[in-house]
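# Inside the fold
Chain by chain, the residues run as shown.
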Amino acid sequence: MEFVPGPAVHRVLCADCGTPIIPNSANLCVACLRNTVDITEGIPKQSSVSFCRNCERFLSPPQSWTLARPESQELLAICLKRLKGLNKVRLTEAHFIWTEPHSKRLRVSLTIQKEVLTSTILEQIFEIEYLVQHGQCPDCTKLAAKNTWKALVQVRQKVSHKRTFLYLEQLILKHGTQKDTISVKEVRDGLDFFYSQRSHAIKMVEFLAGVVPVRSKGSEQLLSTDTHSGTANYKFTYSVEIARQLSNISPLTICTRVGNSFQLLDPATLQTCEISAHIYWRAPFVSLATVTDLVEFTILDVEPSGTVRGKWVSADAQVAMSGAFKSHGSYSDQDIIMDHESSSVSTQIFHTRTHLGAILQPGDTALGYHLSNANFNSDDFSSLPSSRIPDIILVKKTYPNRRKKNKTRNWKLRSIAKEAGEEGETGAGRGVVGRMGGRDQKKVEEDYELFLRDLEEDPELRGTVNLYAAKDTKMRDPTDGVRKKGGQYGMDVDEKDTSNATVADGDEQDAEEETDFPAVKLEELLEEFDEMTLEDSEGP
């Protein structure tokens, strides 16, 4: 085959440096062309972005504030909007260059193209540095001032404990309903939520109606009016009351779940019913007994009766008061109290029917209501025939041996309150609930610990809230003989005086932990990313 040479490539010398190049309209090489023409002219190499440290939002020109994570597409779009002259060039690529979060700097690399001469397109890569300027958005400015709210939601519940609001706070965090709230204030029997717009308050009221049985009422107050334009300025207040904790069902039932309706269960027959908020508020009723009336019982024997409905299994149980059959002094037989025919209530054996036949075993401990030893000031209860009133109603299984172990929780909860200096904070309370301090502080701490125990022992309840992995948790000193509050990472344990401890007390401390304790698994925990902000880092 005959070799055919390709066409000759004609080259010329660069007009500036003399390098052989392919002919172009400028007769210049690329390096000399870049030195002669700057396509980045008119584009500033330094700029600034505004960042609100309170709500962690960036100013998106001209007036809107946007929530954006570091090195996210939203933040990159905000940075590009701050540049002038980009409309005269073609932007082909843009990305962040990593910087220290505490440096208050953002570096962006841009690749642009522009036609400089006839049929000559020049591409150039350059960096732009942004200074993060801390300021306040209009919403946070209103928050810092006084009496600038537009709408108020007053949430109340007339009960002796705060566990409903502790659970409600976690539901609000899980669904992100707190993002429009400008302030939260704790008051007697509830919380006040302040909003800058009426629509945000209405949204909160609708959310509360969807998760708890409530009734609400709205009102408005005229602040000012303009007779010439016909406009007026109002403040809106919404009062929301949460119901206190029935159809062809026994009058004596237990409440198994509270959502936007009540779910009631008859432990004897496993019959259930549901009472919506509308029906409840048509004829409100009060609970006969609450969580503070629960008594600890020891299960002596359990025999399933065969009735099964969902996760509930009916069973006949023999129970006694917790600690009724402990040995006293030495281990001699005459010192062991086992006379169930004794007239003393503490050593009496009770027979009852329970719905917890699937999880109770002989030797377990359960919480229940001791109806035969209770005195209720209720006409409805007094009118019931004695044959329909059981001696004991078991409510839930508990794990006392687990509580005796001084273990640190590997999980924690978040709170709506970010800082201790928010409105309404006068004490070192737990989150947004319990921040008023005073005489109720100890009661709130106890309610919070009981709430954490409910989350640990009820996997179904844990599924409705967000649990976060705890970091840098420390075990408490077991040698301390006083009551310690270990925060939400630790459990409150009453350290007993061991100077007069008996042999029986030693056996309790050495008791093995319950094997069926529903511990929080690692896959149920979420990771916190609050440290990924542009705030100033605190010193060690």
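Preceding block: the structure.
Each residue is numbered by its place in its chain's sequence as written, counting from 1. Whole-chain, interface and lining totals are the exception, using all residues; otherwise, since this is a predicted model, local features are given only for residues with pLDDT of at least 70 and side-chain atom pairs are given and counted only at 80 or more. To obtain the side-chain values, all non-hydrogen atoms of the structure were used and water was disregarded.

Attention now moves to the packing of helix α4 (residues 163-175) against helix α5 (residues 198-211). For helices, the axis comes from a line fit to the C-alpha atoms of the stretch in contact; other axes are also lines fit to C-alpha atoms, and the angle between any two N-to-C directions lies between 0 and 180 degrees. Under the DSSP-based scheme used, a helix requires at least four consecutive residues in state H or I and a strand at least two consecutive residues in state E, with every element numbered from the N terminus. Two elements in contact, α4 and α5, have axes separated by 12 Å at closest approach and are oriented at 115°. You can see that α4 and α5 cross each other, and the crossing is right-handed. Where α4 abuts α5, its residues Leu168, Leu171, Ile172 and His175 lie against Met204, Phe207, Leu208 and Val211. Taken together, the residues that form the contact of α4 with α5 break down as 7 nonpolar, 1 polar and no charged. In a left-handed crossing the near helix is turned counterclockwise from the far helix by less than a right angle, and in a right-handed crossing that turn is clockwise. Two residues form a contact once any of their heavy atoms are found within 4.5 Å. Under this grouping Gly is polar, as are all residues other than the nonpolar Ala, Val, Leu, Ile, Met, Phe, Trp, Tyr, Cys and Pro and the charged Asp, Glu, Lys and Arg.

Turning next to the packing of aromatic side chains. Each Phe, Tyr or Trp ring (for Trp, its six-membered ring) is paired with any other whose centre lies within 6.5 Å, and the angle between the two planes then decides the class: stacked below 30 degrees, edge-to-face above 60, tilted in between. Within the structure shown, the criterion is met by 5 aromatic pairs. Seen in terms of ring centroids, Phe376 and Phe381 are 5.2 Å apart; in terms of plane orientation they differ by 80°. Their pairing is edge-to-face. Like Phe376, the residue Phe381 is buried in the burial classification. Lysine NZ or arginine CZ positioned within 6 Å of the ring centre and within 35 degrees of the ring normal marks a charge as sitting over the ring. It is Lys235 that lies over the ring of Trp149; its NZ or CZ is 4.2 Å from the centre. Burial classes follow relative accessibility: with a 1.4 Å probe on protein chains only, a residue under 20% of its type's maximum area counts as buried, one over 50% as exposed, and anything between as partly exposed.

At a minimum axis distance of 9 Å, the contact between α4 and helix α9 (residues 441-457) shows a crossing angle of 55°. By the angle class used here, α4 and α9 are oblique. Crossing of α4 over α9 shows right-handed handedness. Across from Arg163, Leu166, Tyr167 and Gln170 in α4, the residues of α9 making contact are Asp447, Tyr448, Leu450, Phe451 and Asp454. In these notes the angle categories are as follows: under 35 degrees is roughly parallel, over 145 is roughly antiparallel, 65 to 115 is roughly perpendicular, and the rest is oblique.

A word on the side chain of Thr352. You can see Thr352 is positioned in strand β19 (residues 349-354). Residues adjacent in sequence count toward polar contacts only when both atoms are side-chain atoms; beyond that, a polar contact is any pair of N or O atoms within 3.5 Å, and within protein one must be able to donate a hydrogen and the other to accept it. For Thr352, the side chain forms a polar contact with the main-chain oxygen of Ile392, separated by 2.7 Å. Filtering out sequence-adjacent residues up to four positions away, Thr352 remains in contact with Ala315, Asp316, Ala317 and Ile392.

With that out of the way, let us pick up the environment of Pro362. Mapped onto the elements of the fold, Pro362 is located in the loop between β19 and β20 (365-370). Once the C-alpha coordinates of Pro362 and Thr298 are considered, the two residues, 64 residues apart in sequence, prove to be 8.1 Å apart. Leave out the neighbours within four places in its chain, and Pro362 touches Ile299, Leu300, Asp301 and Val302.

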